[in-house]
Amino acid sequence: MNHQKIIIVGAGMIGLSMALGLRQQGHQVDVIERGSRPEYGQEPELRVSALAHHSRDLLQQLGVWQQLPSQRLGPYTAMDVWDHDSFGRIEFAANEVNADDLGAIVENRVLEQVLWDAALQAGVTIHAGEAVAEHNVTEQQVSIRLVNGQKFYGDYLIAADGNRSTIRERARLPLSFWDYQQTGIVAVINTELPHQGIARQVFLPSGPIAWLPLNNPHQVSLVWSADTELAEQLQALDDKAFMQRLQAASDSCLGQLQLASQRAGFPLRMQYAQRWLQQRLMVIGDAAHSIHPLAGQGANLGFGDVIDLLQVFANQPSHKSLRAWERQRKAAAVTMITAMEAFKHGFGSANPLLKLARGVGFQVANNTKPLKRMLVKAALGE
Ligand SMILES: Cc1cc2nc3c(=O)[nH]c(=O)nc-3n(C[C@H](O)[C@H](O)[C@H](O)COP(=O)(O)OP(=O)(O)OC[C@H]3O[C@@H](n4cnc5c(N)ncnc54)[C@H](O)[C@@H]3O)c2cc1C
């Protein structure tokens, strides 16, 4: 097999795992990252991801999962999802699909730091603190020029530069998007009752609130998705008033709650690039798609992009095999986006008939084994 020279822009968890996988296949890899090496602190980080089995399998194969500090991983063995405004509730556990767990909550920065170091050690060259000024892609090669004037040439260019990807914009790859008009407020919360490794989510008409179990049995990561206006009000509240609102919305599922960090908000927007391949340029991860965090599948989709693209590069890549990769991954992303929309619209409505329907739907799903198994598989990203 000919080894390729590959340039990756963006050293988030998706760009770094792509870089490491390609390097392990023997390719020469340069990563351009405008930020610096991620470093995590003593306290749990605000941004976390619930990683599904396929993402963990990839990270295990890359030799990275084994290096994650176990005290910073929160495996979850069950999910409890309910509707604040109806009688609907679904609970499912890993043993219903003969699994030990449904996945694990990982702090983004912890994973990024471990990936960064593993990539360097494997021989990936990371150019930190550098931004791309321009890129050029032809049928034969790719080139980029950094703002500092340095030039790189390669066989392929991979854009993993997040949802505001400048590479995607400069390549004029058309984007489908809509603004959810919601903000995701994240924070670390101490809980009176132990979380028991259960990922909890309550649906309010203004958006879902998730409590994701961290390694400490009395600590969860909060993702409160709320309509923009409400989110602005919540953000403006002092900590005490904010926690009173959260407590009221929590249906006391974890007893008394206590804020254990600062709060941060992220505007939520669905978008996907209509093309992920342009000659020798590919877009992956959030650069290609970003979705509502309610099912915790954004990064998992990105890891799916990496798994399938690594398979292409394990053999001699061709336009045909890259096109097949693009088709396959776009289908996976669109399926997920459609499911998220259905969920969000179904739960975003205060219409009494819809409320009744979702309550009944929840109960039916909870009591129907094959349907429930399907839901568990969907939650596993399978
Ligand atoms: C509130 C919230 C909760 C979420 N929860 C989950 C969850 O539970 N499970 C899950 O699977 N997903 C979740 N997600 C989604 C997940 O966080 C993202 O899908 C994931 O972080 C995307 O990773 P990435 O590497 O593609 O992009 P990013 O993490 O955005 O990384 C892009 C990198 O590119 C760099 N970069 C950008 N532009 C340039 C440039 N011009 N030049 C050089 N470098 C550049 C950036 O500095 C950055 O390091 C959540 C998202 C949100 C907002």
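Residues numbered from 1 in each chain as written. Predicted model: local features only at pLDDT ≥ 70, side-chain atom pairs only at ≥ 80, totals over all residues. Heavy atoms only, no water.

**Student:** Would you mind going over the packing of aromatic side chains in detail, with residue names and values included?
**Tutor:** In the structure shown here, the tally under the stated rule is four aromatic pairs. Judged by centre distance (6.3 Å) and plane angle (5°), the rings of tryptophan 82 and tryptophan 211 are stacked. On the criterion of sequence distance, the pair formed by tryptophan 82 in strand β5 (residues 78-83) and tryptophan 211 in strand β15 (residues 207-213) is long-range, its members being 129 residues apart. Residues tryptophan 82 and tryptophan 211 agree in their burial class; the two are buried. Their ring planes at 65° and their centres at 6.1 Å tell us that tryptophan 276 and tryptophan 325 sit as a pair that is edge-to-face. One end of the pair, tryptophan 276, is in the loop between β18 (264-273) and β19 (277-278); the other, tryptophan 325, is in helix α8 (residues 319-347), and 49 residues separate them in sequence. An identical accessibility class is assigned to tryptophan 276 and tryptophan 325; each is buried. (Phe/Tyr/Trp six-rings, centres within 6.5 Å; stacked < 30°, edge-to-face > 60°. Helix = DSSP H or I, 4+ residues; strand = E, 2+ residues; numbered from the N terminus. Buried < 20%, exposed > 50% of the residue type's maximum accessible area, 1.4 Å probe, protein only.)

**Student:** Now, about the pairing of β5: what can you tell me, with residues and values included?
**Tutor:** The element β5 is largely enclosed, with a buried count of six among its six residues. Here β5 shows a buried face lined by Ala78, Asp80 and Trp82 and a second buried face lined by Met79, Val81 and Asp83. For β5 and strand β6 (residues 89-93), the ladder comprises five bridges, and the chain directions are antiparallel. Looking at β6, one finds that valine 81 is bridged to isoleucine 90. When β5 meets strand β14 (residues 198-204), the two strands line up parallel, connected through six bridges. Pairing of methionine 79 across the sheet is with alanine 199, part of β14. (Pairing = 2+ DSSP bridges.)

**Student:** Break down the side chain of arginine 56 for me, citing the residues and quoting the values.
**Tutor:** By the element assignment, arginine 56 lies in helix α2 (residues 53-61). A polar contact of 3.0 Å, which involves the side chain of arginine 56, links it to the side chain of aspartate 101. Those residues in contact with arginine 56 that lie beyond four places of it in its chain are Trp65 and Asp101. (Polar contact = N/O pair within 3.5 Å; in protein donor to acceptor, adjacent residues only side chain to side chain. Contact = heavy atoms within 4.5 Å.)

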